[in-house]
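Each chain, written out:
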Amino acid sequence: MVKPAKMSLWALAMALPLLAAGVAALKPRAQQPQSLPDTFWTDRRAAARIEARLTHPEADRYRSRVPAGGCPVPAEPMPLGPLASMEAREDWGGIAAAYALEGEWNQAASFLERLPASPERDSDLAAVALARGDHERALRLLDAALTAKPNLTQALWNRALVFREMGLTLRASELFEEVAKRNEQGWGREAHAQALSLREATLDRQRQWKAARDATLALVEDPKAPLPMDAARQLPGAVRGVFYEAVRAAASKERALSLLPLAKELDRVQGGSVLTDYVQRVSKRDFSRRADLGRQYAETLRAGHGVPEALLDRARVSGDDDIYVGALLRGRNGSLRGLQDLVARVGRMNDPWFTYIAERDQARQEVAEGAWWKAEQRLFNALQRCRETTLSVRCLDLERGLAIFYTDLQRLTEAEQHARVLWAGARQLREWETEFNVLEILSHVSRSRNDLGSARAYLEEWAARGPTRSCSWPHVQLAHLYYLDLRPDAARRELEAAEACADNSMELVFGATVAELSRFGSGPRDAEWLKTVTTRALEGSSVLESDRIYTHYLEGRFLLDQDRARGEALLKQAIADAETLPRGDVLGRETWALSYSSLAVDAGRAGEFPKVVALMAAQLGTPVPTRCALAASIHAERTTLVALGPKGEVKGSYDGSRRESLARVDSSRLVPDALRQTLAGCEHVDVFAWTPLFGRTDLLPPEMAWSFRLGRTQGPRPARTSTAPRRLVVAGVEAPSLLQLPRLPSWTPEAEPGAAPPDVLSGADATPSRVLARMADATEIEIHAHGITDPSISGASLVVLSPEVNGRYALTADVVREQRLTGAPTVFLAACSAGRTASLQSTEPFSLPAAFIDSGARAVLASTVDIPDAAGRFFDGVRRSIHAGKPAAVALRDERQAWLARDARAVWTRSVLLVERAD
């Protein structure tokens, strides 16, 4: 018999189905497939280089792994016969395992996806995701597998690998130890070795960082303490941060000069002579005056207290700028008091260590004043300069500032990028305290992206590292994440763990989680816990009004399922009180929105569907619809949908059984067929929805003409002036270089017979201030520009315009909302993802389309996904149809259907959002 020639795995994969079909055709039907050769799995395991564990029994037999050394050796192709045999008996799991052991992950995934859903399948798919670097998907699959089958050791092992690859090494060590305790042959020993190695490497970073700081702090306490020269070489950032304190505390010229060798060593490591010059400058000060100032400063440092005002005042007038700056930085407690004085003194010190602190604090001040674009440019420029030096720890501080800055703006792509750089840099530089800070940032960013698995992972690592820092905080945060992920039992366990902590302050987030969990079944102490939370929130003489109103929401939400009348009364009171607060009060708006959604879904639960429609209209600031409308409301696991047919017939649906986060739900299947049939006879449908459903373009099918309806939710609507039609076109924008965006093709609007020429803003003229000014009385607005948002989830987007002289370049929802568009324009946003809406349950619809409606626009069209260059023609086609007399929803539907009929690749047209004003 002639042996088949060797072929590549790719060629094998292509040939396999044909080969299997041929083998099957040659065999008699009654013949059973031959068993695999005895050496098939032995050979696969021997050659395997993967670390992940597979659930196929043969593929999971332990084999020791040794470093390959040198160049990787290409894998030998697998024998065709065994693969054909497995395919003949539809052993997809076996084929997937064989490919996975070879590292052929794409092939493995294609066969795994043929298997029915199971914890084992999820664990193996997680191994694929891990190999592809998709930690988010891997965690989601593994969490589901372990929830369904906690004793699935392969999933536990793979979860430990994911944590290790994310740098969450102490939690990974704990997970490996859990595997080791199961005493599997081979695997147990390797798991214990992994756990020990990870734990020791992580704690060694902690020990080195703490030792370096302690050795440098000892210089403040003991003049005879040895200079930490080795620490200065290994952890210069940690030593330098404390070195300044030792110089400030020096009580004599001799003591200051004794620190000179350490200053020279730090300068040698980090470059320049800043610290050497600093010590020599201090040694020349008048110590008959400075000595007492230094001693007092040292006493406050030893006691861990803030700097008293008297000492701050003395340092201010003494001319000892270094002591004054140190006292100011230690005494502000996060406020920006004394910023201008700080900037002036730092300028005289000429030390980049403090220059970057001043830049960071000035950026914070600019954010507080609303000039966030100035802050962005300042932080970006400072970081670029810092990266050209060796002040790595200060660069990390700027990375942290940018990560927090972008998180606050919900620009989550940029936030995550800077947070990940910060995370990698902190571990590389062994900055233990910074690692704690970035774990909190990463958890917050992941939660904002609805990546709840990663958010939990970062919190679990924080808890593994910091049991002495805070017992209750991570448990409370984890409880709320489990609630958001609709895992009430796990959430309740975390609450109980938090309540047992001595430092549990029972803050509002604890109460919010209790109130929401009560729907899944009340615990014996829920009422007591909630009472404690609300009582503590209202203690003291400086209680914020928004906190008081939020406690009414918590009580109302808790009572709604137990004493409906009292719960409704409290929620209605919370709505009324929240409406008296300024719009910028975040907690007040959250209370208002959550109270409405609680009432709406509760009315749906009671089958009071007309009441649901009335509540949704009130929340959205619109008249109550009477026909051809869909009202949709979601509160956690509860969904209420109400359809009004062409004759006003009412059909409602309530579902309280969902146990999967909405972020993972296919919203195209959210509206039941019965409700779609009710709407079938409508020429177009008005959809009334709040977040997180507002902005979902697949709620109704693309062949149906429909749009979201919004009213003005705050303040009077601008009166429309009787002006002639005026078309504003913004195109040819020159994006700022810091964003590194490609230049868009030019867009020249075509002249229309009988219409005035459009007002075109392009190039350097297309700045935010000019665009906003020209929008005021326009009756039609087109913007062709870049949109920036998080491509993986739902942060509200902004449109990039040409920068002003002061650097401002963005057209954002908050800025648009403050305008008064007296021409009641129809707005076309031909920018990538310009229609994307922030999807947090507790916020109002926050997006550019919603903001334009709020400021007076008649209708807004925008895409919720990235769009091709040809999109300008699509929007122009819709615009011309509207001019021809078609309703906007019908014009959008018809243009979309025409594009899809011509080109199946135009699927992006299904994601074009239409929002219309409901007068």
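Summary of the structure given here. (Residues numbered from 1 in each chain as written. Predicted model: local features only at pLDDT ≥ 70, side-chain atom pairs only at ≥ 80, totals over all residues. Heavy atoms only, no water.)

Turning to the side chain of Ser653, a few remarks are in order. Here Ser653 shows up in strand β3 (residues 650-655). When sequence neighbours within four positions are dropped, the list of residues in contact with Ser653 reads Phe609, Thr639, Thr640, Leu641, Pro672 and Leu675. (Helix = DSSP H or I, 4+ residues; strand = E, 2+ residues; numbered from the N terminus. Contact = heavy atoms within 4.5 Å.)

A word on the state of the cysteines. Evaluation of the coordinates by the stated rule reveals 3 disulfides. There is a disulfide in this structure between Cys471 and Cys501, and the S-S distance comes to 1.8 Å. Between Cys471 and Cys501, the S-S torsion sits near -55 degrees, and that sign places the bridge as left-handed. Within this pair, whereas Cys471 is found in the loop between α25 (452-465) and α26 (472-484), its partner Cys501 is found in the loop between α27 (488-499) and α28 (508-517), the two being separated by 30 residues in sequence. Cys471 sits in the partly exposed class, given a relative accessible area of 33%. One disulfide in the model links Cys628 with Cys682; its S-S distance is 2.2 Å. Every disulfide takes its handedness from the sign of the S-S torsion; for Cys628 and Cys682 that torsion is -95 degrees, giving left-handed. With Cys628 in the loop between α33 (609-620) and β1 (629-635) and Cys682 in the loop between α34 (673-679) and β4 (685-689), this pair connects stretches of sequence that are 54 residues apart. Across the pair, Cys682 and Cys628 agree in class, each one buried. (Disulfide = S-S within 2.5 Å. Buried < 20%, exposed > 50% of the residue type's maximum accessible area, 1.4 Å probe, protein only.)

A complete count under the given rule lists 26 aromatic pairs for this structure. Taking the centre distance of 5.8 Å and the plane angle of 40 degrees together, the rings of Tyr244 and Tyr278 count as tilted. Here the residue Tyr244 occupies a position in helix α12 (residues 236-249), and Tyr278 occupies one in helix α15 (residues 274-283), the gap between them amounting to 34 residues. Across this residue pair, the class does not change: Tyr244 and Tyr278 are buried. Ring plane angle 85 degrees and centroid distance 5.7 Å describe the contact between Phe436 and Trp462, whose orientation is recorded as edge-to-face. (Phe/Tyr/Trp six-rings, centres within 6.5 Å; stacked < 30°, edge-to-face > 60°.)

With that settled, the discussion passes to helix α23 (residues 412-428). Because an α-helix completes one turn every 3.6 residues, residues spaced three or four positions apart along the sequence face the same direction. If you check α23, its first and last C-alpha atoms are 24 Å apart, about what 17 residues at 1.5 Å a residue would give, namely 24 Å. In the core, the buried residues of α23 are packed alongside α21 (372-387), α22 (392-408), α24 (432-448), α25 and β9 (786-788). Positive backbone phi, at 60 degrees, marks Arg430, one or two positions downstream of α23. (Expected span 1.5 Å × (residues − 1).)

Moving on, we come to the sheet that holds strand β7 (residues 759-763). Read across the open sheet, the 11 strands follow the order β3-β2-β1-β4-β5-β14-β13-β12-β8-β6-β7; overall the sheet is mixed. Single-partner strands in this sheet number two, and they are β3 and β7. Shown here is a sheet whose adjacent strand axes are inclined to one another by a mean of 20 degrees, direction ignored. The strands that helix α39 (residues 888-902) touches are β5 (706-710), β13 (859-863) and β14 (912-917); relative to β14, the one it contacts most, it runs at about 170 degrees. (Pairing = 2+ DSSP bridges. Axes fitted to C-alpha atoms, helices over the stretch in contact; angles between N-to-C directions.)

On their own, these measurements won't tell you what the molecule is for.
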